[in-house]
Amino acid sequence: MITVSPVNRARTIPADQFLVTHADLTGGITYANSYFCQAQACGEKELLGQPHNMLRHPDMPAAVFQLIWQRIRDGEEVFAYVKNMACNGEYYWTLSHLTPHYGAARHIDSYQCFRRAASGRSIAVAEEAYRELRLIERSTNSKEQGVAASRQHLDGMMSRSGTSYDEWVLSLAALDDEETGLAA
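The text that follows walks through the structure, step by step, so that each part is easy to find.

Definitions and limits used
All residue numbers here refer to positions counted from 1 along the written sequence of the relevant chain. Two thresholds apply to this predicted model, a pLDDT of at least 70 for residue-level local features and 80 or more for giving and counting side-chain atom pairs, whereas whole-chain, interface and lining totals are computed over all residues. Side-chain calculation: all heavy atoms of the structure are included, whereas hydrogens and water are not. Salt bridges are defined by distance alone: a side-chain nitrogen of Lys or Arg within 4 Å of a carboxyl oxygen of Asp or Glu. Numbering goes from the N terminus for both helices and strands, where a helix is a DSSP run of H or I of at least four residues and a strand is a run of E of at least two. Think of it in three bands: residues with accessible area under 20% of the maximum for their type are buried, residues over 50% are exposed, and the middle band is partly exposed, with areas taken using a 1.4 Å probe on protein chains only. What counts as a ring pair is set by centres within 6.5 Å for rings of Phe, Tyr and Trp (its six-membered ring), and what kind of pair is set by the plane angle: stacked under 30 degrees, edge-to-face over 60, tilted for all other angles.

1. Some points on the pattern of salt bridges
No. 1: The full count for this structure, using the stated rule, is 7 salt bridges.
No. 2: Note that K83 and D59 form a salt bridge whose closest N and O atoms lie 2.5 Å from each other. Of the two residues, K83 sits in strand 3 (residues 78–85) while D59 sits in the loop between helix 2 (44–47) and helix 3 (62–73), which places them 24 residues apart along the sequence.
No. 3: Classification of K83 by relative accessible area gives buried; the value is 5%.
No. 4: Residue classification places D59 among the partly exposed residues on the basis of a relative accessible area of 27%.
No. 5: Linked through salt bridges whose partners overlap, the residues forming this network are R9, R11 and E90.

In structure tokens form, the structure reads like this:
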């Protein structure tokens, strides 16, 4: 397994590139397109078979990944802002669209993730929300309690704002579109 330590340096992802990966049911990477490999600063051969969580930057709250995995295992798609960590320790933010893939027997047989670069405005909003969640996760005696409290806080944040996590993420995506000129 590739082990990476974070460095406080951002990677730039071109706005017109879509980073694509497929993962098996255990989260092992089974496909990575060339744009993803470039973003990861790692070759496809090194990435294949690696656990998808190798990309997880320590700044990402576990509660967000809990939500993501719950949704795709339940057969739902989910959009999320994710801070990934490249093989050289640098980070990059993406708007990620994660979906289950169904095999011939109509059972989930793998997962797909399509990512595009996030912009400065959406990153700032996501960073602030995720910072709160991480503080909650680190304030308890156990990881499980921290994640549960963080997830409860996340659900409460969305409830108080009268929106769902998906609506919140898509509102941030609108900021990305405005910033990059993709808005209609």
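Let's pick the thread back up.
2. A few points about the packing of aromatic side chains
No. 1: A full pass over the atoms with the stated rule returns 4 aromatic pairs.
No. 2: Ring geometry for Y130 against W168: centres 6.3 Å apart, planes inclined by 55 degrees, an arrangement best described as tilted. A residue pair is termed long-range when its members are at least 10 positions apart, and Y130 in helix 4 (residues 120–138) and W168 in helix 6 (residues 165–180) qualify at 38 residues. No difference in accessibility class separates Y130 from W168, as the two residues are buried.
No. 3: An angle of 40 degrees between the planes, with centres 5.7 Å apart, marks the rings of Y165 and W168 as tilted. Placement of both Y165 and W168 in helix 6 is noted, with a separation of 3 residues, approximately one turn of the helix. Side by side, Y165 and W168 carry an identical accessibility label, which is buried.
No. 4: Following the ring pairs from residue to residue traces out a cluster consisting of W93, Y130, Y165 and W168.

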